[in-house]
Amino acid sequence: MIDLRSDTITRPTAEMRKAMADADVGDDAIDIDPTVERLQCRIAEVLGKEAAIFMPSGTMTNQVAVRIHCKPGDELICEANCHIYNYEQGGFAQLSGAVARPVLGQFGVLQCEQLQGLIRPENEHFTRTRLICLENTHNRGGGRIQPYDEIEGMTRWAREHGLRAHLDGARLFNAAVASGVSADRWAQHFDTVSVCFSKGLGAPVGSALAGSREVIREARRHRKLFGGGMRQAGIIAAGALYALEHHIERLAIDHENAQILAEAIRQIEGLTLEPDTIDTNIVIFRVDPQLGTGAELVAAWKERGVSALAIGGQVRAVTHLDVNTSEVRRAAEILRDTTSALRRGVRPVQQGDAY
Ligand SMILES: *Cc1c(COP(=O)(O)O)cnc(C)c1O
């Protein structure tokens with residue numbers, strides 16, 4: 001099976017497992033785990049921040065950031081299709097009492113001018129606008145890289161209005177490698193930045209939140225509160241450290257592979273790339289209803305050996321460490337055969353997962 005459902009499905013390589021097995025550990029909830037400490041120092045350095053903290057998931061790093069920046073009743077501005085708003089159970093409301101003001105971008109990309117007038121005036125009827133959350137690359141936007149100038153402009157606007165800024169950088173390293181703008185340059189515009197080690201970087205577990213020393217001290221309290229204090233976490237931190245050292249530059253391969261798949265999709269009648277250009281490792285395409293639904297295409301593709309995700313009338317395929325170029329080429333050929341079969345009216349035997 002060629003699995004293109006997500007870049008989270010990667011399994012640790014033999015070398016990564018060795019690094020994990022050999023890791024020095026301690027009780028990080030009592031005081032310190034030396035490998036976690038090394039990872040936190042390293043990621044703070046890579047992101048150009050004073051400090052960083054390791055957590056079990058990207059959802060937790062995002063939600064801890066919201067908790068630090070917002071009091072109950074505060075409002076955060078975000079893009080309408082972002083992860084924080086759509087895929088974290090509205091945690092900002094459940095865990096921090098914050099409300100969200102979603103603004104629709106183009107494939108996840110917001111323009112500075114869309115923010116004008118969104119700050120609510122001080123008035124007892126209104127929430128207090130407190131935070132802006134941006135996502136780079138944008139997951140639901142098909143791995144879109146935010147335009148650097150817009151990020152600069154939006155975060156400057158936020159600062160000028162007394163707002164904090166948080167970056168959901170689950171795939172920030174994809175953005176850095178594909179754009180040539182380093183992770184710390186992207187990160188410098190934000191008070192807090194979260195990154196995932198378990199996506200394209202290929203580590204089994206973990207995310208980090210980076211920011212000022214003071215903010216990260218606060219984050220440690222909230223991590224404990226949210227149940228994310230971990231003991232001998234050096235075992236998993238070692239996987240993340242290994243990934244930082246060995247798996248960043250190679251993201252360029254995933255991006256090239258995504259281009260191969262995208263180019264094949266452009267040639268297939270009835271499939272339309274959305275967006276029509278691919279920035280990084282996520283390829284989303286619409287299925288012409290005459291061929292069937294997204295779920296039907298996914299089921300038919302799967303019968304022939306390729307897994308992807310159906311999202312309504314769309315299909316998402318993601319390239320990653322565990323699929324090589326020839327497998328991606330094969331997946332593209334199989335997609336061509338699959339759509340031909342659907343066009344001839346050959347329907348898949350079973351329905352695929354429709355999420
Ligand atoms: C995956 C992801 C997260 C966090 O996901 P977890 O599964 O909680 O680690 C956050 N933001 C974006 C954009 C993501 O793609």
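Thresholds applied
Residues numbered from 1 in each chain as written. Predicted model: local features only at pLDDT ≥ 70, side-chain atom pairs only at ≥ 80, totals over all residues. Heavy atoms only, no water. Helix = DSSP H or I, 4+ residues; strand = E, 2+ residues; numbered from the N terminus. Contact = heavy atoms within 4.5 Å. Areas by Shrake-Rupley, 256 points an atom, 1.4 Å probe, with all protein chains shown as cover. Lys, Arg positive; Asp, Glu negative; His and termini not counted. Charge placed at Lys NZ, Arg CZ, Asp CG, Glu CD. Core = buried A, V, L, I, M, F, W, Y, C linked by side-chain atoms within 4.5 Å. Buried < 20%, exposed > 50% of the residue type's maximum accessible area, 1.4 Å probe, protein only. Phe/Tyr/Trp six-rings, centres within 6.5 Å; stacked < 30°, edge-to-face > 60°. Lys NZ or Arg CZ within 6 Å of the ring centre and 35° of its normal. Pairing = 2+ DSSP bridges. Axes fitted to C-alpha atoms, helices over the stretch in contact; angles between N-to-C directions. Domains from an automatic or database assignment. Buried area = accessible area lost by both parts, 1.4 Å probe. Salt bridge = Lys/Arg side-chain N within 4 Å of Asp/Glu carboxyl O. Polar contact = N/O pair within 3.5 Å; in protein donor to acceptor, adjacent residues only side chain to side chain. Parallel < 35°, antiparallel > 145°, perpendicular 65-115°, else oblique. Nonpolar A, V, L, I, M, F, W, Y, C, P; charged D, E, K, R; others polar. Near = heavy atom within 4 Å.

**Digging into the overall build of the chain**
Piece 1. Helix and strand content of the chain: 13 helices and 13 strands.
Piece 2. With the C-alpha coordinates aligned to their principal axes, the bounding extent of the chain is approximately 60 × 55 × 35 Å.
Piece 3. The long-range share in the chain, meaning contacts at least 24 apart out of those at least 6 apart in sequence, stands at 76%.
Piece 4. Total accessible area on the chain is roughly 15,300 Å²; 47% of this is exposed by carbon and sulfur atoms.
Piece 5. Treating the 40 positive side-chain charges of the chain as one cloud and the 46 negative ones as another, the clouds have centres 3 Å apart.

**Considering the nonpolar core**
Piece 1. The biggest cluster of nonpolar side chains holds 55 residues, and the ones touching the most others in it are Ile43, Leu47, Phe54, Phe173, Val195 and Phe197.
Piece 2. Sort the elements by how many residues they give to this core and helix α10 (residues 234-246) lands first, with 8 residues.
Piece 3. Within the second largest apolar cluster, 32 residues are counted, among which are Leu4, Phe285, Val306 and Leu342.

**A short note on the packing of aromatic side chains**
Piece 1. As enumerated under the stated definition, the model contains 4 aromatic pairs in all.
Piece 2. Ring plane angle 45° and centroid distance 6.2 Å describe the contact between Phe54 and Phe197, whose orientation is recorded as tilted. Highlighted residues: Phe54 in strand β2 (residues 51-55) and Phe197 in the loop between β7 (192-196) and β8 (207-211), separated in sequence by 143 residues.
Piece 3. Centre to centre, the rings of Tyr85 and Phe92 are 6.2 Å apart; their planes meet at 15°, and the pair counts as stacked.
Piece 4. One Lys or Arg, Arg185, reaches over the ring of Tyr148 and ends 5.0 Å from the middle of that ring.

**Describing the sheet that holds strand β13 (residues 314-318)**
Piece 1. Pairing is antiparallel across the open sheet formed by 4 strands, whose spatial order is β9-β10-β13-β12. The sheet is open, and its two borders are formed by β9 (271-273) and β12 (309-311), each paired with just one other strand. For this sheet, the mean angle separating the axes of adjacent strands, direction not counted, is 35°.
Piece 2. Bridge analysis of strand β10 (residues 282-287) against β13 gives 5 bridges, and the strand direction is antiparallel. The residue of β13 that forms the bridge with Ile284 is Arg316.
Piece 3. Of the strands in this sheet, β9, β10, β12 and β13 touch helix α12 (residues 294-303), which is tilted by about 45° from β13.

**Here's the deal with the environment of Pro348**
Piece 1. Looking at the secondary structure, you find Pro348 in the segment after α13 (325-343).
Piece 2. As a C-alpha pair, Pro348 and Arg316 span 32 residues in sequence and 18 Å in three-dimensional space.

**Side note on the domain arrangement of the chain**
Piece 1. Segmenting the chain into domains produces domain 1 (10-246) and domain 2 (251-343).
Piece 2. The C-alpha centroid of domain 2 is placed 29 Å from the C-alpha centroid of domain 1.
Piece 3. The partner domain 2 presents 17 residues to the 20 residues of domain 1 that form the contact.
Piece 4. For the pair domain 1 and domain 2, the two sides together bury roughly 1,600 Å², of which 57% comes from carbon and sulfur.
Piece 5. Sorting the residues of domain 1 by area buried against domain 2 places Arg140, Arg144 and Asn174 first, and these three jointly supply 29% of that buried surface.
Piece 6. With a shortest N-O distance of 3.1 Å, Arg144 and Asp279 are connected by a salt bridge.
Piece 7. Across the contact surface, domain 1 and domain 2 share 8 residue pairs in polar contact (both at pLDDT 80 or more).

**Comments concerning the pattern of salt bridges**
Piece 1. In the structure shown here, the tally under the stated rule is 12 salt bridges.
Piece 2. The residue Asp3 makes a salt bridge to Arg5 at a minimum N-O spacing of 2.5 Å.
Piece 3. The exposure class of Arg5 is partly exposed, given its relative accessible area of 29%.

**Comments concerning the packing of helix α7 (residues 172-179) against helix α11 (residues 251-267)**
Piece 1. Relative to each other, α7 and α11 sit at 80°, their axes nearing to 9 Å. Looking at the two axes, α7 sits roughly perpendicular to α11. For the pair α7 and α11, contact is made by Phe173, Asn174, Val177 and Ala178 and by Leu251, Ala252 and His255, respectively.
Piece 2. Taken together, the residues of the contact of α7 with α11 break down into 5 nonpolar, 2 polar and no charged.

**A word on α12**
Piece 1. For α12, the buried fraction is high: 7 of the 10 residues fall into the buried class.
Piece 2. All buried positions along α12 are accounted for by Gly294, Ala295, Leu297, Val298, Ala299, Ala300 and Trp301.
Piece 3. Lining the buried residues of α12 we find β9, β10, β11 (306-307), β12, β13 and α13.
Piece 4. Following α12 by one or two positions, Gly305 adopts a phi angle in the positive range, close to 105°.

**Some words on the site of the ligand**
Piece 1. Near the ligand the following residues occur: Ser57, Gly58, Thr59, Asn62, His83, Glu88, Glu135, Asn139, Asp168, Ala170, Arg171 and Lys199.
Piece 2. Contact distances for the ligand include 2.6 Å between an oxygen atom and a side-chain N or O atom of Thr59.
Piece 3. One of the side-chain N or O atoms of Arg171 is found 2.9 Å from an oxygen atom in the ligand.
Piece 4. Expressed as a share of its isolated accessible area of 380 Å², the protein-covered part of the ligand is 83%.
Piece 5. Broken down by element, the shell around the ligand gets its largest block of residues, 3 residues, from helix α3 (residues 58-69).
Piece 6. Class assignment of the residues belonging to the shell around the ligand gives a composition of 1 nonpolar, 6 polar and 5 charged.

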